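# Understanding the architecture of this molecule
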Amino acid sequence: MKKLLLSNAAEVVTFMGETAKKGSEMSKPLVIKNGCVLINGETIEAVFPISEISRFDTANAEIIDCTGKTVTSGFIDCHTHFIFGGYREEEFNDRLNGMSYMEIMRRGGGIVNTVSKTRAASIDELFFEGKKRLKQYLEYGVTTIEGKSGYGLDIDTELKQLSVMDKLNNAQPVEIIQTYMGAHATPKEFDSADRYIDFIIEKVLPQIKEKTKAEFCDVFCEKNVFDVAQSVKLLTAAKKMGFGLKMHAEEIVPLGGSGVACEMGAVSVEHLLHIDETNIDKLSKSGTIGVLLPATAFSLKEPYAPARKMIDNGCAVAVASDLNPGSCYTQSIPLIIALSCMYMNMTIEETLCALTLNAACAINRGGNIGSLEKGKQADVVIHGVPSIKFLSYNFCVNHAQTVIKKGQIVLNKI
């Protein structure tokens, strides 16, 4: 097998283990000065200081000199809606100019706009646009993303979105983990959310299970979307069918869905702008990960999720982009880092944990990716700065220079 040696990095910085870090553990990465990462084939063979290099067989390894640079695990964006048809740039700018969301909805905007365009889009069109977005992710050092459906709200289009993700998974380096999110809104064909939830359970979930590689089922638990009882009904059925559970919760109104999701054993609850102390406590005592989306709060000019309070109370936190065409059209990891550190009061160490190991655990991949340690998949980023502290200090600048996926150099800007 071909070996690759990342040699003499100013810092190799990684969290260790297969489970999410909680609370204060999110501030305690392994930092190796003058560090090396030895890759053998698709996996990591060793991580060590250069002073110990004689212990390892590096004779035939290809060497990348990382002097003055920082090496981390590949970034993981664990919450995206990156497959969709059309754009909503006019709506976004109308909102900036004072138009309310309800006004935009009344004129046919909002999610209905994207649903109609996604239904009309061909597989080739969705593939082409999705591939461009994934290329941009790779530029930022993202090696794995989660992709949600939910812009079809019917059987055919939901299957189409997921099939495009599967096709893209085989066409470019960024790994895609699929989530079915038909419960994103109630489509116009249904006169009630209850009837739509029953339709999903009876007609859609069996086809998603049979015909796609979707691993998770997600639901938008929110006022005027799906209430807690409807969300529980759907997730209970999904769990019986073998799906992992996710929930969008407490984004606009604190309904308490996050606590219920924790009780159900959800892998993650996501958004959490308005999570209260009771549900923070439930989250901290559970195995569920809180996925925070600071760029969405930034885009909507809403208060940020209380990351500092959550971490200080022992929660496991991940951060992600929420790339979507309506409320958050960005996949900028440098922006996510800046917002996490400056406006959610997270340290850069906590933010790195939230973008790597904890993000991996939010998609059930903690045993394989998210850290630099022996036996894990060799997903690595070399940053052109001498310390991870520069990722927050020199903010909103893309410092990723070289990206390695499964031991292969898939991007090199040097």
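The following paragraphs examine the structure supplied in this document. (Residues numbered from 1 in each chain as written. Predicted model: local features only at pLDDT ≥ 70, side-chain atom pairs only at ≥ 80, totals over all residues. Heavy atoms only, no water.)

## Re the packing of helix H6 (residues 193–211) against helix H7 (residues 228–240)
Formally: The axes are straight lines fitted to the C-alpha atoms, using for helices just the contacting stretch, and the angles between their N-to-C directions are given from 0 to 180°. Secondary structure elements are defined from DSSP: runs of H or I of at least 4 residues count as helices, runs of E of at least 2 residues count as strands, and each element is numbered from the N terminus. Orientation is classified from the angle alone, with under 35 degrees giving roughly parallel, over 145 giving roughly antiparallel, 65 to 115 giving roughly perpendicular, and any other angle giving oblique. Whether two residues are in contact is decided by their heavy atoms, any of which lying within 4.5 Å being enough.
Where H6 contacts H7, the axes come no closer than 10 Å and their chain directions differ by 5°. As summarised for this structure, H6 and H7 are arranged roughly parallel, according to the angle between their axes. For the pair formed by H6 and H7, the contact residues are Ala 193, Asp 194, Ile 197, Asp 198, Ile 200, Ile 201 and Leu 205 on the first element and Gln 230, Lys 233, Leu 234, Ala 237 and Ala 238 on the second.

## Quick word on the packing of aromatic side chains
How we decide: Pairing of aromatic side chains here covers Phe, Tyr and the six-membered ring of Trp, requires ring centres within 6.5 Å, and sorts the geometry by plane angle: under 30 degrees stacked, over 60 edge-to-face, intermediate tilted. Burial classification: accessible surface area is computed with a 1.4 Å probe over protein chains only, and a residue below 20% of its type maximum counts as buried, one above 50% as exposed, and the rest as partly exposed. Only when the NZ atom of a Lys or the CZ atom of an Arg is both within 6 Å of the ring centre and within 35 degrees of the ring normal do we say a charge sits over the ring.
Under the criterion given, the structure shown has 11 aromatic pairs. Considering the side-chain rings of Phe 190 and Tyr 196, the 5.2 Å spacing of their centres and the 55° angle between planes classify their relative orientation as tilted. Judged by relative accessible area, which is 1%, Tyr 196 ranks as buried. Here Phe 190 and Phe 199 contribute two aromatic rings whose centre-to-centre distance is 5.0 Å and whose plane-to-plane angle is 45°, an arrangement assigned as tilted. A relative accessible area of 22% means that Phe 199 is categorised as partly exposed. Ring pairs connect the aromatic residues Phe 84, Tyr 87, Tyr 151 and Tyr 329, which therefore count as one cluster. Across the ring face of Phe 243, the terminal group of Lys 209 is positioned such that the distance to the ring centre comes to 4.7 Å.

## Details of the sheet that holds strand S7 (residues 142–148)
To keep it simple, the criterion reads: Pairing between strands requires that DSSP locate at least two bridges from one strand to the other.
Read across the sheet, eight strands follow the order S6-S7-S8-S9-S10-S11-S12-S13 without closing on themselves; strand pairing throughout is parallel. Both edges of this open sheet fall to strand S6 (75–77) and strand S13 (317–319), since each of them pairs with a single strand only. Shown here is a sheet whose adjacent strand axes are inclined to one another by a mean of 25°, direction ignored. As paired elements, strand S12 (residues 289–292) and S13 share three bridges and run parallel to each other. From the neighbouring strand, Leu 292 faces S13, where its bridge partner is Val 319. Its contacts with the sheet place helix H4 (residues 123–139) against S6, S7 and strand S8 (175–183), and it is angled at close to 140° to S7.

## Remarks on the nonpolar core
Threshold: Here the nonpolar core consists of buried residues drawn from Ala, Val, Leu, Ile, Met, Phe, Trp, Tyr and Cys, with membership extended through side-chain atoms lying within 4.5 Å.
If you look at the biggest cluster of nonpolar residues, it comprises 112 residues, and the most contacted ones within it are Phe 82, Tyr 180, Leu 205, Leu 292, Met 310 and Met 346. Looking at this core, the element that brings in the most residues is H6, giving seven residues. Filtering out sequence-adjacent residues up to four positions away, Tyr 180 remains in contact with Ser 149, Glu 158, Leu 162, Ile 200, Val 204, Leu 205, Ile 208, Ala 214, Phe 216, Cys 217 and Asp 218. If you look at the next biggest cluster of nonpolar residues, it comprises 16 residues, including Ile 32, Ile 64, Leu 372 and Ile 382.

## Some thoughts on helix H13 (residues 348–355)
Taken across its eight residues, H13 has eight buried, putting it largely inside the fold. Regarding H13, the residues found buried are Ile 348, Glu 349, Glu 350, Thr 351, Leu 352, Cys 353, Ala 354 and Leu 355.

## Section: the state of the cysteines
So the rule is basically this: To count as a disulfide, a pair of cysteine sulfur atoms needs to be within 2.5 Å.
By the definition in use, this model includes zero disulfides. With no disulfide of its own, Cys 78 lies closest to Cys 361 among cysteine sulfurs, the gap being 10 Å. The class of Cys 78 is buried, set by a relative accessible area of 0%. Of the cysteine sulfurs around Cys 328, a residue in no disulfide, the closest is that of Cys 396, at 13 Å.

## Some thoughts on unusual backbone geometry
Notably, Glu 250 is not glycine yet its phi reads approximately 55°, a positive angle. Among the structural elements, Glu 250 can be located in the loop between strand S10 (244–249) and helix H8 (257–263). Unlike most non-glycine residues, Leu 272 shows phi in positive territory, near 65°.

## A closer look at the pattern of salt bridges
When charged atoms on two side chains of opposite charge get close, those side chains can pair. Note the threshold: Salt bridge, as used here, is a side-chain nitrogen of Lys or Arg placed within 4 Å of a carboxyl oxygen of Asp or Glu.
As enumerated under the stated definition, the model contains 29 salt bridges in all. The closest approach of N and O atoms between Lys 132 and Glu 129, which form a salt bridge, is 3.4 Å. Residue Lys 132 and its partner Glu 129 are located together in helix H4, separated by three residues, close to a single helical turn. Assessed through its relative accessible area of 46%, Lys 132 is described here as partly exposed. A cluster of three or more residues bridged by salt bridges with shared partners is formed by Glu 146, Lys 148, Asp 218, Lys 246 and Glu 270.

## Let's talk about the pairing of strand S5 (residues 70–73)
Relative to S5, strand S1 (residues 3–14) runs parallel, the two sharing two bridges. Residue Val 12 lies in a different strand from S5, and its bridge partner there is Val 71. One ladder, built from four bridges, connects S5 with strand S14 (residues 380–383); its direction is antiparallel. Within the sheet, the bridge partner assigned to Thr 70 lies in S14 and is His 383.

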